[in-house]
Amino acid sequence: MSVDKSTVARIARLARIHVPEDRQEKLSAELSGILDWIEELNEVDTENVEPIASVTGHSLPRREDVVSDGNRVDEVLANVPETASGFFVVPKVVE
Amino acid sequence: MSDLLSLSAVAARAALESGEISAPELTTAYLGAVEETAPLNNYVAVTADRALEMAAASQARIKSGEAGLIEGIPVGVKDLFCTAGVVSTACSRILEGFTPTYESTVTANLWREGGVMLGKLNCDEFAMGSGNETSAFGPAINPWQGGDGVDLVPGGSSGGSAAAVAARAALLATGTDTGGSIRQPAAFCGIVGMKPTYGRCSRWGIVAFASSLDQAGPFSRTVADNALMMQAMAGHDPKDSTSADAPLPDLMAALDKGVKGMKIGVPAEYVMDGMDGEVVALWEQGQAWLRDAGAELVEISLPHTKYALPAYYIIAPAEASSNLARYDGVRYGLRVEADSLDEMYAGTRAAGFGEEVQRRILIGTYVLSAGYYDAYYLKAQKVRRLIKQDFDSAFETVDAILTPATPTAAFPVGRKVDDPVTNYLNDVFTVPANLAGLPGMALPAGLNSDGLPLGLQILGRPFDEASLYSIGRVIEDAAAFSAVPQRRAGGAS
């Protein structure tokens, strides 16, 4: 499976990672190499095999639908690069 | 007490209880060792003041008869664990300066049981690597050296943890293991490392890499110390929905049970083409030790072994790409300013993530993207079920499985590898246990002709860590591994 430069650009955009054009060639070769190797899985007959969701077989526990934590604005904002009046600040998204 | 650094944790506990040594004395000796071994770059943060405070508190609890399981024992913490008030970065630029306001459950358990925190240990960035070379803080160095004196990697991703314990710069240390990140560095550094059953240790407060595979576990120099630390760190945690509500047996009691009557499996598929002859010989030696101790060795088949690595390199990056989406320059860590929100995200993530992390996020994004999800991700999850079924059927006839821990001994720092896949092959023996959620222990069993440690791996049934400690103890006694690394604290030559 080969991942060409335009595919690298597309997945980099999906992943929100800026990949400069001069790195796309190298990444395309590396990712293609990894995916070629992964192709080995096609040798395995998985007809009638269910994909596994949990190795332990435990079902997830449920709890009462009540507030169990919260009211920690200062802690939540303690590591934020930019805040204002108790909010996260991001570049303008609506004109 | 002339040599505090050579005491095991079990011996140190006894000496602390008898009053032969004090907790502040032991911690001071270890802080000295941390300083002495600083050139190995094993620590990314040293918390000396906190360590001395904790040691003083430990001493008071020892005096008043309230000592915990690891009271007064100096512990190093992989930088993947969030520690309240202490910078926790997963060794990534993107978490530069991140100081959690909360403590991970595992470290909280260790402090509750009296552990003394020495500092944060180097690791691969977001635990992605097998040599501790992807760390934003630069590589950690293995205290062992071969004949040529070249710097060797300690393995990864928990490289700093394994190297610090081997170098006597921590008596115990935490690690995490997603595909071998405890067991491979333990083998490379000649110490004992345990990846518990998935769900045994809480993942709460640990920086997530691949959530269905990640498990925390202990590093130590002896099997008994490992059982002691495991006993202190494991346990059910309602804050981690995958944490198992299963009773933890008395692991210290398992140490002297022996292996008489146990059936130990030797998987035919773990004999790989071009495997190092010394690794094969050590594996055979391990089988002989267990046979001599009364175990029955049984050849078994795990037919899907060769597909474990490719399945892992779909599942782990897929989960990572999702987990690492949270690093967006908004909530914590690094932020690269830009005019639009999208450019801010993309610029921040390009500047903050290293090459290997970016590669894995991109692979993960690709295999989860529209049109490829079934072909890659679902296929891998099906193969994962087959791998687990291989183990399930093996454990119908055997109690545990013996394999080599790694295909080679530690390799040089900066070894040039053109192809990322070559690095991934380091984890060929360790990855299957993560995919199947099984406990696995690596422990030193001998030296190769270059004087470097080689390890064996024992895999067990889910939640049967106890048998691994029984078997590990037998191998430890038989191997009588007493070699020490050249660049350890107090070992100046």
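Not measured: the values here are computed from a predicted model. (Residues numbered from 1 in each chain as written. Chains lettered and ligands numbered in written order. Predicted model: local features only at pLDDT ≥ 70, side-chain atom pairs only at ≥ 80, totals over all residues.)

Quick notes on the overall build of chain A
Step number 1: A count of helical and extended segments in chain A gives 3 helices and 2 strands.
Step number 2: Scanning chain A from its N terminus toward the C terminus, one meets helices and strands in the order α-α-α-β-β.
Step number 3: For 95 residues, the compact-globule formula gives about 12 Å, and the C-alpha radius of gyration of chain A, at 22 Å, lies well above that figure.
Step number 4: Referenced to the eigenvectors of the C-alpha coordinate spread, the extents of chain A come out at roughly 55 × 45 × 25 Å.
Step number 5: Buried positions account for 19% of the 95 residues belonging to chain A. (Helix = DSSP H or I, 4+ residues; strand = E, 2+ residues; numbered from the N terminus. Rg over C-alpha atoms; globule rule 2.2 N^0.38 Å. Buried ≥ 20, exposed ≤ 12 C-beta atoms within 10 Å, placed from the backbone.)

Looking at the overall build of chain B
Step number 1: Within chain B one finds 16 helices and 11 strands.
Step number 2: On C-alpha atoms alone, chain B measures out to a radius of gyration of 21 Å, which is about the 23 Å that the 2.2 N^0.38 rule sets for 493 residues.
Step number 3: Over its C-alpha atoms, taken along the principal directions, chain B stretches across nearly 65 × 55 × 50 Å.
Step number 4: Relative to its 493 residues, chain B shows a buried fraction of 63%.
Step number 5: Taking contacts inside chain B between residues at least 6 apart in sequence as the whole, the part at least 24 apart equals 77%. (Contact = placed C-beta atoms within 7 Å.)

Some points on the sheet that holds strand β5 (residues 192-195) of chain B
All names here are of chain B.
Step number 1: Spatially, β1-β3-β2-β4-β6-β5-β10-β11-β9-β7-β8 is the arrangement adopted by the 11 strands of the open sheet, whose pairing is mixed. Strands at the two margins of the open sheet, each flanked by one partner only, are β1 (43-46) and β8 (296-300). Shown here is a sheet whose adjacent strand axes are inclined to one another by a mean of 30°, direction ignored.
Step number 2: In terms of strand pairing, strand β7 (residues 263-267) meets β8 through 5 bridges, oriented parallel. Across the sheet, the residue bridging to Gly265 is Val298, located in β8. (Pairing = 2+ DSSP bridges. Axes fitted to C-alpha atoms, helices over the stretch in contact; angles between N-to-C directions.)

As for the interface of chain B and chain A
Step number 1: Taken together, the 55 residues of chain B in the interface contact 37 residues of chain A.
Step number 2: Residue assignment for the side of chain B that touches chain A shows that the elements contributing at least two residues are α10 (308-323), α11 (341-352), α12 (355-368), α13 (373-397) and α14 (420-424) of chain B.
Step number 3: Among the elements that line the side of chain B that touches chain A, the one with the most residues is α13 of chain B, at 10 residues.
Step number 4: Grouping the constituent residues of the side of chain B that touches chain A by class yields 29 nonpolar, 14 polar and 12 charged. (Nonpolar A, V, L, I, M, F, W, Y, C, P; charged D, E, K, R; others polar.)

Structural notes on helix α1 (residues 5-14) of chain A
Step number 1: Looking at α1 of chain A, one finds that the buried residues are Val8, Ile11 and Ala12 of chain A. Each buried residue of α1 of chain A lies within a common arc of 105° when the element is viewed along its axis, so the set occupies one face. (Arc of directions from axis to C-beta.)

Structural notes on the packing of helix α2 (residues 21-38) of chain A against α12 of chain B
Step number 1: Direction vectors running N to C along α2 of chain A and α12 of chain B enclose 60°, while the axes themselves pass 11 Å from each other. The angle between α2 of chain A and α12 of chain B falls in the class oblique. Judged by the twist between their axes, the crossing of α2 of chain A over α12 of chain B is right-handed. Of the residues in α12 of chain B, those in contact with Leu27, Glu30, Leu31 and Ile34 of chain A of α2 of chain A are Arg359, Leu362 and Ile363 of chain B. (Parallel < 35°, antiparallel > 145°, perpendicular 65-115°, else oblique. Left-handed = near helix turned anticlockwise from the far one by under 90°.)

Quick notes on the confidence of the model for chain B
Step number 1: Across chain B, the average pLDDT comes to 96, with 99% of residues at 70 or higher.
Step number 2: Here the complex is predicted with pTM 0.97, and the ipTM for its interfaces comes to 0.96. (pLDDT = per-residue confidence, 0-100.)

Some points on α2 of chain A
Step number 1: For α2 of chain A, built from 18 residues, the straight-helix expectation of 26 Å at 1.5 Å per residue is met to within 8% by its first-to-last C-alpha distance of 26 Å.
Step number 2: A maximum bend of about 25° is found in α2 of chain A at Leu27 of chain A.
Step number 3: Taken as a whole, α2 of chain A has its buried residues at Leu27, Glu30, Leu31, Ile34, Leu35 and Ile38 of chain A.
Step number 4: Buried residues in α2 of chain A make contact with α1 of chain A together with α10, α12 and α14 of chain B. (Expected span 1.5 Å × (residues − 1). Bend = angle between axes of the 7 residues up to and from the residue.)

What to know about the packing of helix α9 (residues 277-292) of chain B against helix α16 (residues 465-479) of chain B
Residues and elements named next belong to chain B.
Step number 1: Contact geometry of α9 with α16 gives a least axis separation of 10 Å together with a crossing angle of 105°. As far as their axial angle goes, α16 and α9 are roughly perpendicular. Contacts between α9 and α16 involve Gly286, Trp289 and Leu290 from the former and Ile471, Val474, Ile475 and Ala478 from the latter.
Step number 2: Here the contact of α9 with α16 is built from residues that sort into 6 nonpolar, 1 polar and no charged.

What about the nonpolar core?
Residues and elements named next belong to chain B.
Step number 1: Counting 184 residues, the largest nonpolar core has Tyr30, Val75, Ala170, Leu172, Ala311 and Ile314 as the members making the most contacts within it.
Step number 2: Residue contributions to this core peak at 10 residues, all from α10.
Step number 3: Look past the residues within four positions of Ala170 in its chain and what remains in contact with it is Tyr30, Pro74, Val75, Gly76, Leu118, Ala164 and Val165. (Core = buried A, V, L, I, M, F, W, Y, C linked by C-beta atoms within 7 Å.)

Brief notes about the pairing of strand β11 (residues 453-460) of chain B
Residue and element names in this part refer to chain B.
Step number 1: The buried fraction of β11 amounts to 8 of the 8 residues, a majority that puts the element mostly inside the structure.
Step number 2: Residues Pro453, Gly455, Gln457 and Leu459 point to one face of β11 and Leu454, Leu456, Ile458 and Gly460 to the other, with burial holding for every one of them.
Step number 3: Bridging between strand β9 (residues 400-404) and β11 involves 5 bridges; their strand directions are antiparallel. Bridge pairing in β11 places Ile401 opposite Leu459.
Step number 4: Relative to β11, strand β10 (residues 440-447) is paired through 7 bridges, and the arrangement is antiparallel. Within β11, the residue paired with Leu447 across the bridge is Pro453.

Points about unusual backbone geometry
Residue and element names in this part refer to chain B.
Step number 1: Residue Ser157 is bonded to the preceding Gly156 through a cis peptide linkage, with omega at 10°.
Step number 2: Assignment of secondary structure puts Ser157 in the loop between β3 (116-121) and α5 (159-166).
Step number 3: Residues other than glycine seldom take positive phi values, yet Phe463 does so here, at roughly 65°.
Step number 4: Here Phe463 is to be found in the loop between β11 and α16.

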